[in-house]
Amino acid sequence: QGRLVESGGGLAQAGGSLRLSCATSGRTFNSYTMGWFRQAPGKEREFVALIKWPGITLYADSVKGRFTISRDNAKDTMYLQMNSLKPEDTAVYYCAADANREFTSPDYWGQGTQVTVSS
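Student: Help me understand empty space enclosed by the protein, please; the structure alone is not making it clear to me.
Tutor: Here the idea is plain: a probe the size of a water molecule rolls over the atoms and shows the empty space left. Under the definition given, this model contains one cavity of 30 Å³ or more. In this structure, the largest cavity is lined by Thr24, Phe29, Asn30, Met34, Arg71, Asp72, Asn73, Asp76, Thr77 and Met78. Listed by contribution, the elements that provide at least two residues to the lining of the largest cavity are strand E7 (67-72) and strand E8 (77-82). Here the residues of the lining of the largest cavity sort into three nonpolar, four polar and three charged.

Student: I keep staring at the sheet that holds strand E3 (residues 18-25) and nothing clicks. Help me out?
Tutor: Sheets are built from strands that pair by backbone hydrogen bonding, the pairs being arranged parallel or antiparallel. One open sheet accounts for four strands, arranged E1-E3-E8-E7; its pairing is antiparallel. Looking along the sheet, the strands with just one partner apiece sit at the ends: strand E1 (3-7) and E7. Each adjacent strand pair in this sheet contributes to an overall mean axis angle of 15°, direction not counted. Where E3 meets E8, six bridges bridge the pair, whose relative direction is antiparallel. Note that in E8 the partner of arginine 19 across the bridge is glutamine 81.

Student: In this structure, what is going on with the nonpolar core? I would like to understand it.
Tutor: Nonpolar side chains in soluble globular proteins generally cluster together in the buried interior. Membership of the largest hydrophobic core comes to 29 residues, with the highest contact counts inside it found for Trp36, Leu80, Met82 and Tyr93. For this core, the secondary-structure elements that each account for two or more residues are E3, strand E4 (33-39), strand E5 (46-52), E7, E8, strand E9 (91-98) and strand E11 (113-118). In terms of residue count, E9 provides more of this core than any other element does, four residues in total. What tyrosine 93 contacts, discounting residues up to four positions off in sequence, is Glu6, Leu20, Trp36, Phe37, Arg38, Val48, Phe67, Leu80, Met82, Gly112, Thr113 and Val115.

Procedures and definitions
Residues numbered from 1 in each chain as written. Predicted model: local features only at pLDDT ≥ 70, side-chain atom pairs only at ≥ 80, totals over all residues. Heavy atoms only, no water. 1 Å grid on protein atoms, 1.4 Å probe; cavity = no way out; pocket = protein on both sides within 12 Å on 5 of 7 lines; lining within 4 Å. Points joined across faces, edges and corners; volume = space filled by probe spheres on them. Helix = DSSP H or I, 4+ residues; strand = E, 2+ residues; numbered from the N terminus. Nonpolar A, V, L, I, M, F, W, Y, C, P; charged D, E, K, R; others polar. Pairing = 2+ DSSP bridges. Axes fitted to C-alpha atoms, helices over the stretch in contact; angles between N-to-C directions. Core = buried A, V, L, I, M, F, W, Y, C linked by side-chain atoms within 4.5 Å. Buried < 20%, exposed > 50% of the residue type's maximum accessible area, 1.4 Å probe, protein only. Contact = heavy atoms within 4.5 Å.

Here's what the structure looks like:
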């Protein structure tokens, strides 16, 4: 039974940085497409970024150039480096893993970590 656990959320000022981590356990996710979603209060959950073999990445337009997704398969961990944070980045961030390369319906989800950006 696979499990994803996020960490690294917290409070940051606008223009600051945070790095989120998503630790995996219970099974091997090396072949899975993995990524991040976020959900702000009163809004629907939205796609943020994904990474799939052999290192292909894709970003939402709203974070392109500011966020960087990466993964370390040796450590069973995925990361989201968030720079130049904006108040509109405030949300609960979820990591997810999908056996489908298109990342259309993730099979596994983390519990979420809160990111709050103050102006």
